[in-house]
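Fold and contact review
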Amino acid sequence: MHRSLIPLTLLTLVPLASSAAARPAEPPAVQTVLTPVQEEVEAFLADAEARLLEHMVRKERAAWVLDNFITPDTEVMAAEAAQGFMAFISEVVPASRKYDGTEVTPVQRRKLDLLRTWMDLPAPRDPGRRAELAAITARMQSTYGAGSYCPPHLEGRCLDLDQLSEILATSRDWDELLDAWMGWREVSVPMREDYTRFVQLANQGARELGAADVGEIWRSRYDMPPEKLVAEVDRLWAQVKPLYQDLHAYTRAQLVKTYGADKVPERGLIPAHLLGNMWAQDWSALYPMLAPVVATPLDLDGAIEARNWTGQAMVKQGEGFFRSLGFEPLPETFWERSLFVKPADREVVCHASAWDVDFDQDVRIKMCIRSDFDSFQTIHHELGHIYYYLAVRGYSPLLRRDAMDAFNEAIGDTIALSITPTYLGKIAVLGEVPEEGVDQLLRRALDDVAFLPFSVVVDRWRWDVFAGGVQPQSFNTRWWDLVRAYQGVAPPVTRTEEAFDPGAKYHVPANVPYLRYFLSTLLQYQFHRALCREAGYRGPIYQCSIHGNEQAGKKLQAMMALGATRPWPEALKALSGETRIDASALLEYYAPLRRWLRQQNNRNPIGW
Ligand code: X8Z
Ligand code: ZN
């Protein structure tokens, strides 16, 4: 680490190294005389932040190497770095408790709160147990990353997740789909025991930090009491459920036509392997089956493929969008150090991710880019993370982050909502630009609306598991109960407790909280609506693109530049005037589709 750490004073709310980019909404510096105890807290935090940064950088570097070169050695090295970080948290969080009832400054209180809930994976203080937890985590991640399925008919040739996903997206053959779907779920069977132990150890770590369990820590990061958050999720899900049910009913009716009522029940749950995606979380691959008949049907995958871009060139296009809003070019090292294309000669974790390696200029993405529209969108998603990291880089370590995790997830997706046919025409992806209509709304809804219930399921399940309400003997049963209830989807074959289907989703072995994606899916429409207004746009928001609008860009940058200095409702207010997450923007966006779906569903049963 070559970055010198400037001692913290109350002035740390002001970014230390102000970048050349406009930083319009810098919070005012607060200058007061500190009491003796506040002086002490100041010193405590200065030391804690310096060490936090050091540990995070070391952990990020080791994790980067593991994810780019999955080998037994890199697994051990990543586990060692993770352990160092865990040990630090085990020491520093209990030490911070000393200031629980103390009158500290608001900034100090915010930092102490952030420190306490910082860790996704708290570990036991006991070194043996801590090492065990770190080893389990690294092992689950490499099992997932290196996972493949070797179908008997291929005689020794194996298919990785990308190849299996391709089958899910393109095949319409029930048995072939089933084989790929079940095949991938063999990868997670060995994680079952690991995950059981993982929950015990991580929960012990959470209790040592003063929390009830790991899930409670995860729910405590939203500037509201954890119970309130659960109620918010229920409220938001109730807002969007009717739209989801309309989409579900329409999709099911088309699937009945394709596969027959003996395979797809007209009133029941949709078999999980028919929805075009390994987890039934994104149904856009079914678009050709579901699309309305229009004069100029859109083939976005074909259009992207026809441009013949390299992975890097696709990322350059994404950067171009951000630059059109006034964002700076990405650092040279971003281009030198990122992974854009799946290497042929080694195992890597292909799940797309964005990295803040030194929490300064060394930002990178890691992605196995394909020449299709899905990758094109995901590039914007990842760049949203990257630009957020860069926007907050001047703050002291605890505040050098997003307003909350869903904000970080939402930036790039907000930009992606502006990838309209008109924009695609501008960058010569589309020659002829069709009128934006219900067909494009449907395509997007198959991605975003279909995703909503899945994004609730993952952490509903983990919250229950961490809280002990679901024991290992019902891990899989509970998972599928939730999938049935929220998604209206069922496993195509009986799943037993031999399997561990939650582990077949990246974020479970990688221990990445998932609620952020649910909140982000709603927030990004709020951001989009606000930025379109800022840009002076007056038409229906699904036709709006903020491309090239620096005024909207400034507004977005100003919100990002707040970092974690303010509770997230204030950051939202700065951008949209709202203080709550709300589905109204998403519902407004899809209103024309909703009307169309209702007409289509005239005779279709709704629900399951
Ligand atoms: O994991 C991701 C991103 C990286 S933060 C690619 N997403 C979730 C997923 O793939 O399940 C984006 C959408 C939801
Ligand atoms: Zn993301």
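Cut-offs used in this document
- Residues numbered from 1 in each chain as written.
- Chains lettered and ligands numbered in written order.
- Predicted model: local features only at pLDDT ≥ 70, side-chain atom pairs only at ≥ 80, totals over all residues.
- Heavy atoms only, no water.
- Helix = DSSP H or I, 4+ residues; strand = E, 2+ residues; numbered from the N terminus.
- Rg over C-alpha atoms; globule rule 2.2 N^0.38 Å.
- Contact = heavy atoms within 4.5 Å.
- Lys, Arg positive; Asp, Glu negative; His and termini not counted.
- Charge placed at Lys NZ, Arg CZ, Asp CG, Glu CD.
- Salt bridge = Lys/Arg side-chain N within 4 Å of Asp/Glu carboxyl O.
- Buried < 20%, exposed > 50% of the residue type's maximum accessible area, 1.4 Å probe, protein only.
- Disulfide = S-S within 2.5 Å.
- Near = heavy atom within 4 Å.
- Polar contact = N/O pair within 3.5 Å; in protein donor to acceptor, adjacent residues only side chain to side chain.
- Areas by Shrake-Rupley, 256 points an atom, 1.4 Å probe, with all protein chains shown as cover.
- Nonpolar A, V, L, I, M, F, W, Y, C, P; charged D, E, K, R; others polar.
- Donors = N, O, S within 2.8 Å, 3.2 Å for Na, K, Ca; no water.
- Axes fitted to C-alpha atoms, helices over the stretch in contact; angles between N-to-C directions.
- Pairing = 2+ DSSP bridges.
- Phe/Tyr/Trp six-rings, centres within 6.5 Å; stacked < 30°, edge-to-face > 60°.
- Lys NZ or Arg CZ within 6 Å of the ring centre and 35° of its normal.
- pLDDT = per-residue confidence, 0-100.
- Arc of directions from axis to C-beta.
- Expected span 1.5 Å × (residues − 1).
- Core = buried A, V, L, I, M, F, W, Y, C linked by side-chain atoms within 4.5 Å.

Along the chain, the regular secondary structure elements total 23 helices and six strands. Computed over the C-alpha atoms, the radius of gyration of the chain is 24 Å, within 12% of the 25 Å expected from 2.2 N^0.38 for a compact globule of 608 residues. Across its three principal directions, the C-alpha atoms of the chain cover 75 × 55 × 45 Å. Intrachain contacts of the chain at a sequence separation of at least 6 include 77% that bridge at least 24 residues. Each charge class in the chain can be summarised by its mean position, and for the 65 positive and 79 negative side chains these summaries are 4 Å apart.

Applying the stated criterion across every chain, the model contains 35 salt bridges. Across the pair Glu 60 and Lys 59 runs a salt bridge whose closest N-O atoms are separated by 4.0 Å. Owing to a relative accessible area of 16%, Glu 60 belongs among the buried residues under this scheme. Of the residues examined, Lys 59 reaches a relative accessible area of 26% and is grouped as partly exposed. A network of salt bridges, in which partner residues are shared, links Arg 61, Arg 337, Asp 362 and Arg 364.

Tallied over the entire structure, the rule returns three disulfides. One disulfide bridge connects Cys 350 with Cys 368, the sulfur atoms lying 2.0 Å from each other. Across the S-S bond of Cys 350 and Cys 368 the torsion is about -80 degrees, and the bridge reads as left-handed. Of the two residues, Cys 350 sits in the loop between helix H13 (332-337) and strand E4 (353-356) while Cys 368 sits in the loop between strand E5 (363-366) and helix H14 (373-391), which places them 18 residues apart along the sequence.

Contacts to ligand 1 come from Gln 281, His 351, Ala 352, His 381, Glu 382, His 385, Glu 409, Phe 451, Lys 505, His 507, Tyr 514 and Tyr 517. Within the contact set of ligand 1, an oxygen atom lies 2.6 Å away from a side-chain nitrogen or oxygen of His 351. Taking 360 Å² as the accessible area of ligand 1 by itself, protein coverage stands at 80%. Sorting elements by how many residues they give to the shell around ligand 1 places H14 first, with three residues. Of the residues belonging to the shell around ligand 1, the class tally is four nonpolar, five polar and three charged.

Listed as protein donors to the zinc ion (ligand 2) are His 381 (NE2), His 385 (NE2) and Glu 409 (OE); their distances from the metal cover 2.0 to 2.1 Å. Mapped onto the sequence, the residues coordinating the zinc ion (ligand 2) show the spacing H-x3-H-x23-E. In this pair, His 385 sits in helix H14 while Glu 409 sits in helix H15 (residues 405-416), placing the two residues 24 residues apart along the sequence. Take His 385 and Glu 409: they sit in the same class, and that class is buried.

What follows is about the packing of helix H19 (residues 515-534) against helix H21 (residues 568-576). One can describe the packing of H19 onto H21 by two numbers: an axis separation of 9 Å at closest approach and a directional angle of 35 degrees. In this structure, H19 contributes Leu 523, Gln 526, Phe 527, Ala 530 and Leu 531 to the contact, and H21 contributes Leu 572, Leu 575 and Ser 576. In the contact of H19 with H21, the residues fall into six nonpolar, two polar and no charged.

Across the chain, the bulk of peptide bonds are trans and the bulk of non-glycine residues have phi less than zero. Phi at Ala 280 is positive, roughly 55 degrees, even though this residue is not glycine. Checked against the element boundaries, Ala 280 lands in the loop between strand E3 (270-271) and helix H10 (287-290). If you check the backbone angles, Asn 308 has positive phi at about 55 degrees while not being a glycine.

Side-chain alternation along E5 places Val 363 and Ile 365 on one buried face and Arg 364 and Lys 366 on a second face that is also buried. Pairing of E4 with E5, which is carried by four bridges, proceeds in the antiparallel orientation. Counterpart to Ala 354 in the pairing with E5 is Ile 365. Connecting the antiparallel pair E4 and E5 is a turn made up of six residues, with Phe 359 showing a positive phi of about 55 degrees.

This next bit is on the packing of aromatic side chains. Inspection of every chain in the model, using the stated rule, returns 39 aromatic pairs. Here the aromatic cluster, defined as three or more aromatic residues joined through ring pairs, consists of Tyr 195, Phe 198, Trp 461, Phe 475, Trp 479 and Phe 500. One residue, Arg 219, lies across the ring of Trp 463, its end atom 5.1 Å from the ring centre. One Lys or Arg, Arg 364, reaches over the ring of Trp 64 and ends 4.9 Å from the middle of that ring.

The next thing to look at is the confidence of the model for the chain. Per-residue confidence for the chain averages 94 on the pLDDT scale, and 95% of its residues sit at or above 70. Throughout residues 1-26 the model reports pLDDT below 50, and contacts reaching past four residues in sequence, or to other chains, amount to 64 contacts.

Once that is clear, we can look at H21. Those residues of H21 that fall on the buried side of the exposure criterion are Trp 568, Ala 571, Leu 572, Leu 575 and Ser 576. Each buried residue of H21 sits inside an arc of 110 degrees when the element is viewed along its axis, so together they form one side. Check the buried side of H21 and you find it contacts H15, H19 and helix H20 (550-560). Downstream of H21 by one or two residues, Gly 577 has phi in the positive range, about 85 degrees.

Glancing now at helix H4 (residues 127-145). Taking 1.5 Å of rise per residue, 19 residues should cover 27 Å, and H4 covers 27 Å from first to last C-alpha, within 8% of that figure. Looking only at H4, the buried set comprises Arg 130, Leu 133, Ala 134, Ile 136, Thr 137, Ala 138, Met 140, Ser 142, Tyr 144 and Gly 145. Against the buried residues of H4 lie helix H2 (72-96), helix H5 (161-170), helix H6 (174-184) and helix H7 (191-208).

Core analysis: the biggest nonpolar cluster contains 204 residues, and Tyr 195, Phe 334, Phe 407, Phe 518, Met 559 and Tyr 590 have the highest contact counts within it. Here this core gets 16 residues from one element, more than from any other, and that element is helix H17 (residues 438-467). If we skip the residues at most four places from it in the chain, Phe 518 touches Val 233, Leu 236, Trp 237, Leu 452, Ser 455 and Val 456.

Next up on the list: the side chain of Thr 251. Position of Thr 251 among the secondary structure elements: in helix H9 (residues 226-259). Setting aside its immediate chain neighbours within four residues, Thr 251 contacts Leu 275, Trp 283, Leu 286, Leu 290 and Leu 446.

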